[in-house]
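# Summary of the model geometry
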Amino acid sequence: VKVFWSVLSAASALFVLAAPSFLDRGLLNDLWSLAFAVTLASAWNLLGGFAGQVSLGYSAFLGIGAYTTVLLSLKGIDPFLTLPLGAILAAIFSIAIGLPAFRLRGPYFTIATIGVGEAVRVCAASVSFTGGSSGIRMPAGSFDFNRNYFSMVILAIVTVALAAYVRRSAFGRALAAIKQDIDAAEAVGVNAASFKLAAHALSAAVVAIAGSLYAINFQYIAPGSVFDFQLSLSIVLMPIIGGVGTVVGPVLGALVVSTLQIKLLSISALRDSFLFIYGGLLILVMLYEPNGLVGVGRRLSDLSARLFRSSRSIVDA
Amino acid sequence: MGASSMQQFVSVVINSLLAAGLYATMAYGLAVIYGVMRIINLAHAGVMMLGAYVTFALFTRFSLDPFIGLVVVAPLFFLFGVVLYRLFGKRMAGSGTAPSIESLLLLFGVWLVLQNAAYVIWTGDTQSILTSYTMKSIEIAGVRVGLVSVFVFLASVASLLFLNILLTRTYLGKAIRAVTQNRDAARLSGVNADRISAIAFGLGTAFAGIAGAMFSTLMAFTPDFGRSFLLKAFCIIVLGGMESVTGVAAGALVLALLENGLAAYTSVPTSLQDAVSFALLFVALVALPRGLPGLLSHLERRSATR
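All values reported here derive from a predicted model rather than from experimental measurement. (Residues numbered from 1 in each chain as written. Chains lettered and ligands numbered in written order. Predicted model: local features only at pLDDT ≥ 70, side-chain atom pairs only at ≥ 80, totals over all residues. Heavy atoms only, no water.)

### Section: the overall build of chain B
Scanning chain B from terminus to terminus reveals 12 helices and 2 strands. Going residue by residue from the N terminus, the α and β elements of chain B occur as α-α-α-α-β-β-α-α-α-α-α-α-α-α. Partitioning the contacts of chain B with sequence separation of at least 6, the portion at a separation of at least 24 is 78%. Approximately 13300 Å² of chain B is accessible, and the part contributed by carbon and sulfur atoms is 65%. (Helix = DSSP H or I, 4+ residues; strand = E, 2+ residues; numbered from the N terminus. Contact = heavy atoms within 4.5 Å. Areas by Shrake-Rupley, 256 points an atom, 1.4 Å probe, with all protein chains shown as cover.)

### Here's the deal with the overall build of chain A
The number of helices and strands found in chain A is 14 helices and 2 strands. For 317 residues, the compact-globule formula gives about 20 Å, and the C-alpha radius of gyration of chain A, at 20 Å, lands near that figure. Each principal axis of the C-alpha atoms in chain A carries an extent, and together these give about 80 × 55 × 35 Å. Within chain A, the fraction of its 317 residues that count as buried is 50%. Across chain A, every contact between residues at least 6 apart in sequence was considered, and the portion connecting residues at least 24 apart equals 78%. Total accessible area on chain A is roughly 14100 Å²; 68% of this is exposed by carbon and sulfur atoms. Each charge sign in chain A was given a centre, from 20 positive and 13 negative side chains, and these centres are 4 Å apart. (Rg over C-alpha atoms; globule rule 2.2 N^0.38 Å. Buried < 20%, exposed > 50% of the residue type's maximum accessible area, 1.4 Å probe, protein only. Lys, Arg positive; Asp, Glu negative; His and termini not counted. Charge placed at Lys NZ, Arg CZ, Asp CG, Glu CD.)

### Regarding the packing of helix α3 (residues 59-74) of chain A against helix α9 (residues 192-218) of chain A
When two helices pack together, you describe them by how their axes are tilted relative to each other and by the distance separating the axes. Residue and element names in this part refer to chain A. Interhelical geometry of α3 versus α9 gives an angle of 45° and a closest axis separation of 6 Å. What the angle tells us is that α3 and α9 run oblique. Crossing angle aside, the handedness with which α3 passes α9 is right-handed. Facing α3, whose interface residues are Phe61, Leu62, Gly65, Ala66, Thr69 and Val70, α9 presents His200, Ala204, Val207, Ala208, Gly211, Ser212, Ala215 and Ile216. Looking at the contact of α3 with α9 residue by residue, the class counts come to 9 nonpolar, 5 polar and no charged. (Axes fitted to C-alpha atoms, helices over the stretch in contact; angles between N-to-C directions. Parallel < 35°, antiparallel > 145°, perpendicular 65-115°, else oblique. Left-handed = near helix turned anticlockwise from the far one by under 90°. Nonpolar A, V, L, I, M, F, W, Y, C, P; charged D, E, K, R; others polar.)

### A closer look at the pattern of salt bridges
Applying the stated criterion across every chain yields a total of 5 salt bridges over all chains. Across the pair Arg121(A) and Glu118(A) runs a salt bridge whose closest N-O atoms are separated by 2.9 Å. Linking Arg121(A) with Glu118(A), this pair stays in helix α5 (residues 107-126), spanning 3 residues, or about one helical turn. Assessed through its relative accessible area of 23%, Arg121(A) is described here as partly exposed. In this structure, Glu259(B) engages Lys232(B) in a salt bridge whose closest nitrogen and oxygen atoms are separated by 3.3 Å. Taken together, the residues Glu259(B) in helix α10 (residues 245-265) and Lys232(B) in helix α9 (residues 227-240) connect sequence positions 27 residues apart. On the basis of relative accessible area, Lys232(B) is assigned to the buried category, the value being 6%. (Salt bridge = Lys/Arg side-chain N within 4 Å of Asp/Glu carboxyl O.)

### As for the packing of aromatic side chains
Tallied over the entire structure, the rule returns 25 aromatic pairs over all chains. Taken together through their ring pairs, the aromatic side chains of Tyr53(B), Phe56(B), Trp122(B), Phe215(B), Phe221(B), Phe225(B) and Phe229(B) make up a single cluster. The positively charged end of Arg25(A) is found above the aromatic ring belonging to Phe145(A), 4.0 Å away from the centroid. (Phe/Tyr/Trp six-rings, centres within 6.5 Å; stacked < 30°, edge-to-face > 60°. Lys NZ or Arg CZ within 6 Å of the ring centre and 35° of its normal.)

### Quick look at the nonpolar core
In this structure, Ile221(A), Tyr23(B), Met26(B), Tyr28(B), Leu42(B) and Phe234(B) are the most contacted members of the largest nonpolar core, which totals 194 residues. Phe234(B) has contacts with Ile111(A), Leu30(B), Ile40(B), Leu42(B) and Leu281(B), leaving out every residue within four places of it along the chain. (Core = buried A, V, L, I, M, F, W, Y, C linked by side-chain atoms within 4.5 Å.)

### So, the interface of chain B and chain A
Listed as interface residues are 35 residues of chain B and, on the opposing side, 38 residues of chain A. Summing both partners gives a buried area of about 3400 Å² for chain B against chain A, and 81% of it is carried by carbon and sulfur. Together, Leu105(B), Arg227(B) and Phe282(B) form the three largest contributors to the area buried by chain B at its contact with chain A, with a combined 17%. At the junction of chain B with chain A, the criterion picks out 0 salt bridges. Run the count over chain B and chain A and you get 0 residue pairs in polar contact (both at pLDDT 80 or more). (Buried area = accessible area lost by both parts, 1.4 Å probe. Polar contact = N/O pair within 3.5 Å; in protein donor to acceptor, adjacent residues only side chain to side chain.)

### Considerations on the pairing of strand β1 (residues 137-140) of chain B
Residues and elements named next belong to chain B. Where β1 and strand β2 (residues 143-146) come together, 4 bridges link them in antiparallel fashion. The residue of β2 that forms the bridge with Ile138 is Val145. Here β1 hands over to β2 after 2 residues, with Ala141 in that stretch at a positive phi of 50°. (Pairing = 2+ DSSP bridges.)

### A few points about the state of the cysteines
If you walk through the whole model with that rule in mind, you get 0 disulfides over all chains. Just so you know, Cys123(A) is unpaired, no disulfide at all, and the nearest cysteine sulfur is the one on Cys235(B), 15 Å from it. For Cys123(A), a relative accessible area of 32% puts it in the partly exposed group. (Disulfide = S-S within 2.5 Å.)

### Points about a nonpolar patch on the surface
On the surface, a nonpolar cluster with roughly 290 Å² of combined accessible area is contributed by Leu17(A), Ile154(A), Ile157(A) and Val158(A). Among the elements that take part in the nonpolar patch, helix α6 (residues 145-168) of chain A stands out by supplying 3 residues, more than any other. (Patch = residues over 30% accessible without salt bridge, like charges linked within 9 Å, V, L, I, M, F, W, Y side chains within 5 Å.)

### Remarks on the side chain of Thr246(A)
Residue and element names in this part refer to chain A. Topologically, Thr246 is positioned in the loop between α11 (229-242) and α12 (248-265). Reaching out from Thr246, the side chain makes a polar contact with the backbone oxygen of Gly243 at a distance of 3.0 Å. Among all residues touching Thr246, those that are not within four sequence positions of it are Asn45, Phe50, Arg167, Val294 and Arg298.

### Structural notes on the confidence of the model for chain B
The predicted coordinates of low-pLDDT regions are not to be read in fine detail. Taken residue by residue, chain B gives an average pLDDT of 82. The fraction at 70 or more is 89%. Of all helices and strands in chain B, the one with the weakest mean pLDDT is helix α12 (residues 291-305) of chain B (65), whereas helix α2 (residues 44-62) of chain B scores best (91). (pLDDT = per-residue confidence, 0-100.)

### Remarks on helix α6 (residues 171-181) of chain B
Residue and element names in this part refer to chain B. Every buried residue of α6 is listed here: Gly173, Ala175, Ile176, Val179 and Thr180. Buried residues of α6, seen end-on, are gathered within an arc of 160° and therefore sit on one face of the element. In α6, those exposed residues whose orientation departs by more than 90 degrees from the buried face are Tyr171, Lys174 and Gln181. (Arc of directions from axis to C-beta.)

### A short note on unusual backbone geometry
Working note: non-glycine residues mostly have negative phi, and peptide bonds are mostly trans. Although it is not a glycine, Gln219(A) sits at a positive phi angle of roughly 65°. Tracing the sequence through the fold places Gln219(A) in the loop between α9 and β2 (220-221). Despite not being glycine, Ser63(B) has its phi angle at roughly 40°, a positive value. Looking at the secondary structure, you find Ser63(B) in the loop between α2 and α3 (66-92). Since its relative accessible area comes to 62%, Ser63(B) is described here as exposed.

### Some remarks on helix α4 (residues 83-101) of chain A
Spanning 19 residues, α4(A) covers 26 Å between terminal C-alpha atoms, matching the ideal 27 Å at 1.5 Å per step. Regarding α4(A), the residues found buried are Leu83(A), Gly86(A), Ala87(A), Ala90(A), Ala91(A), Ser94(A), Ile97(A), Gly98(A) and Ala101(A). An end-on view of α4(A) places all buried positions within 135° of arc, on one side of the element. Seen from the open side of α4(A), the exposed residues pointing more than 90 degrees away from its buried face are Ile92(A) and Leu99(A). Its buried side turned inward, α4(A) meets α3, α5 and α9 of chain A together with α11 (273-287) of chain B. (Expected span 1.5 Å × (residues − 1).)

Following this line, the structure appears as structure tokens:
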């Protein structure tokens, strides 16, 4: 099974990297969106999945990255040079939020992050340097499609690889311990506070880079687009539908959700209400399979294994 | 203090009081559900929105006055809450002492479905309810206030009084409080905790519907309406300590005073006012985990040891 996953991921990585030579622009844009979704879902999963700290405030980090890039580009700096700065700013912000917020547990943490995300959005909409509700535009003539496409795809690949690495590292095991039982983890000497802060900062930095690339791709941002609550929401939804706490889950969830979104947005009647589908999916997942698609897959493989074994025992008898 | 600043102060206090009534109604729905089931009901915002639209539909279709409409809205939403509980309750109820993240996400899904059902039924257009008395105002202690906000205040006080009597004077109320304090002990003494949870969820949903109905008389709304009020409701129950009607009312008053005071005495733009309450939510969650009652008893203990 492990060989299967590594072959599959290597093949899909090769495919998306080679795609510009044989796919048209529209499909490449869809692939860009897929890579963007995979990045966000996997980055969120570092904290939300591995450590079990469900945050609904990730649009704040995306917005920080996007605004850093646009504002500095307007000063004449190459947009791609601004990526690290956006990431650092978002990481610092994540620590500033996390220091007090991680004292809260479970749902209280989640509520606090909704508060932070909304406060950031409201502030961003009412200060002048963000362009207010009308938003701001990237300087003209700075767009290079290939550079834009490859950087997004590479970011997605790196993020998934990072998630796979973290999961197997001592850091990942500490996060898993925190998720299972924070008191027990602390009792055996895991410094829960600093591990949570580190995971938060890491995922915030990745999301900020994705935000910078978002600004470069769309050339225009507004507080209503990059700080939007629905964005925070779909960031959470993808890993949950796919399967939280696994490496594959967020990728699967991102594929399903963004394919759905691309298909649904092309049907004009559903444009206002595609969140209906999200909500329905969320309810179904929570009611029947809290481990998401990964859980469904596990059940199917268990089932087939059992069928296989029982058929063999019949043969043996 | 000059006459005009005194006047301004009185105006801030009166407007805050009027707003606090509605805030408390909205927050109490959350608090009663949290208390009995230890879940954080994110669907509250969706139910408030639905309350506003049902009132709107009653007003436009049957030209039913929004305040008389409460008589329809309250039982309707109570039933709706019980149905929601029967559908999803198994996944939500009684997961020990701390609320689970699964129930939070489940109710979040319910909220999304409600919100988008509203988009389908009523479109995303902004709606509002204009009655014959919407523009009228009266004078209280020299301050002109809208007649509607007075009605809203009175209706809120009436529903909170009803709830308080229900909780303190009836067997049902005793059972609800017993389950709130200790679910297992209540069960052992013969309380049907499942049934009580269903009723509490219905009550909380009814209060959300009432709050939404009253909001619809005060301001324009869309299907996205409710999110900022949900956060305010959280802020209030965190401040108020989630346990008692008086605590919730105090939390509501603190938030309303802060909002009105900021608008009157500082140059913070109105667009930033919401950010203030969200920031207050954050600070309250982190700094006052047991709310104002917790702070008070802490201060008492400190002054006693000195």
